[in-house]
Amino acid sequence: PAINFDGVLSKPITVTVNETTKPGNTARDANQLVFLDAQVDAKEVYVQQQINFTLRLYKRTELHDASLVQPEVEGAVQEKIGSQRSYNAVIDGRDYEVVENRFAYFPQKSGTFVIPPAELNATIAVGGNSFLDPFLGTMGKQIRRVSNGIEIKVLAKPDSFPANAAWLPTTKLSINETIAPNKS
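The present account deals with the structure reproduced in this document. Just so you know, these numbers come straight off a predicted model, no measurement behind them.

## Describing the overall build of the protein chain
So, point 1. Within the protein chain, the secondary structure is distributed over 1 helix and 12 strands.
So, point 2. Secondary structure elements of the protein chain, listed N to C terminal, follow the sequence β-β-α-β-β-β-β-β-β-β-β-β-β.
So, point 3. Here the protein chain holds 184 residues, and 30% of them are scored as buried.
So, point 4. Once local pairs closer than 6 in sequence are excluded, the contacts in the protein chain between residues at least 24 apart make up 69%.
So, point 5. As displayed, the protein chain offers around 13100 Å² of accessible surface, 49% of which is attributable to carbon and sulfur atoms.

Pasting the structure below:
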């Protein structure tokens, strides 16, 4: 709307809001220079069972002032798995640098568990070959990318499970022990 300041009225401005594409689109869908992708290894688990979550940043351009906000979850224990990994991937004939982070989530109650979208805010170069060079006239463009959110069905501990037994839901369990000889 018009703004009134000391009796002077500004002109109203019309803003058109267009529908955006779904978060988490692949480069194939949007042919984007930068996008995020989130994946889990299971869509249905038992309470306290580990969910492996992978967040990948795909980029074909340099990023400046990048800020990646990882999803904050409620009702689960979250642990980082390993360190950040970087590698190259080819998608639809285009080379991407991929930055990958992995997390383990352990939902603490049954029901629907939601991993919200991650968000990337950054500046990319536009209008030239050099990045943000004021002498060459290169401009920066602010971008915001959002990954897909993920819903997981968390099942309660089965009624048939003994009440006094330890609950350890897992698909694989290894126990190793090393015994050193007594040096007496």
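## Some points on the nonpolar core
So, point 1. By size, the foremost hydrophobic cluster in this structure holds 26 residues, and its most contacted members are Phe53, Leu63, Tyr105, Phe113 and Ile115.
So, point 2. Breaking this core down by element, the ones donating at least two residues are β3 (34-40), β5 (51-59), β8 (94-107), β9 (111-115), β10 (119-126) and β12 (150-155).
So, point 3. Counting residues per element, this core draws most heavily on β5, which supplies 4 residues.
So, point 4. Every residue in contact with Phe113, bar those within four places of it in the chain, is listed here: Ile51, Val73, Glu74, Ala76, Tyr105, Pro107, Ile150, Glu151, Ile152 and Val154.
So, point 5. Core analysis: the next-biggest nonpolar cluster, separate from the first, contains 6 residues, Phe35, Ala89, Ile91 and Tyr96 among them.

## Details of the pairing of β12
So, point 1. Across the two faces of β12 the burial differs, with Ile150, Ile152 and Val154 buried and Glu151, Lys153 and Leu155 not buried at all.
So, point 2. The pairing of strand β4 (residues 44-46) with β12 spans 3 bridges and is parallel. Pairing of Tyr46 across the sheet is with Leu155, part of β12.
So, point 3. Summarising the sheet, β9 and β12 pair through 5 bridges and their orientation is antiparallel. Pairing of Ile115 across the sheet is with Ile150, part of β12.

## Thoughts on the sheet that holds β3
So, point 1. Pairing is antiparallel across the open sheet formed by 4 strands, whose spatial order is β3-β5-β8-β7. The open sheet has two edge strands, β3 and β7 (76-91), and neither has a second partner. Direction aside, the axes of adjacent strands within the sheet are offset by 15 degrees on average.
So, point 2. Note that β7 and β8 share 13 bridges and pair antiparallel. Across the sheet, the residue bridging to Ser86 is Val99, located in β8.

## Considering the side chain of Ser147
So, point 1. One can find Ser147 in the loop between β11 (139-146) and β12.
So, point 2. The exposure class assigned to Ser147 is buried, which follows from its relative accessible area of 1%.
So, point 3. At 2.8 Å, the side chain of Ser147 forms a polar contact with the backbone nitrogen of Ala118.

## Some details on the packing of aromatic side chains
So, point 1. One pass over the full model with this rule turns up 8 aromatic pairs.
So, point 2. When the ring of Phe35 is compared with that of Tyr96, the centres are 5.6 Å apart and the planes differ by 85 degrees; the resulting orientation is edge-to-face. With Phe35 in strand β3 and Tyr96 in strand β8, this residue pair connects regions lying 61 residues apart in the sequence.
So, point 3. Here Phe35 falls in the buried class, since its relative accessible area comes to 3%.
So, point 4. With 5.9 Å between their ring centres and 80 degrees between their planes, Tyr46 and Trp167 make a pair best called edge-to-face.

Conventions and cut-offs
- Numbering of residues starts from 1 in each chain and follows the order in which that chain's sequence is written.
- Where local features are concerned, this predicted model is filtered to residues with pLDDT of at least 70; where side-chain atom pairs are given and counted, the filter is 80 or more; whole-chain, interface and lining totals use all residues.
- As a rule here, side-chain values cover all heavy atoms of the structure and leave hydrogens and water aside.
- A helix here means a DSSP run of H or I that spans at least four residues, while a strand means a run of E at least two residues long, and both kinds are numbered starting from the N terminus.
- A simple rule labels every residue: compare its accessible area, found with a 1.4 Å probe on the protein chains alone, to the largest value its type can have, and call it buried under 20%, exposed over 50%, or partly exposed in between.
- We call two residues in contact whenever any of their non-hydrogen atoms come within 4.5 Å of each other.
- Only the protein chains shown count as cover for residues, and the accessible areas themselves come from Shrake-Rupley with a 1.4 Å probe.
- Nine residue types can take part in a nonpolar core, namely buried Ala, Val, Leu, Ile, Met, Phe, Trp, Tyr and Cys, and a core is a set of them joined through side-chain atoms within 4.5 Å.
- Following DSSP output, two strands are said to pair if at least two bridges run between them.
- Only the contacting stretch of a helix is used when fitting its axis, a line to C-alpha atoms as for every element, and angles between N-to-C directions run 0 to 180 degrees.
- Counted as a polar contact is a pair of N or O atoms within 3.5 Å, where, for protein atoms, one must be capable of donating a hydrogen and the other of accepting one, and residues adjacent in sequence contribute only when both atoms are in side chains.
- Here a pair means two rings of Phe, Tyr or Trp (six-membered ring of Trp) with centres within 6.5 Å. Their orientation is stacked below 30 degrees between planes, edge-to-face above 60, and tilted elsewhere.

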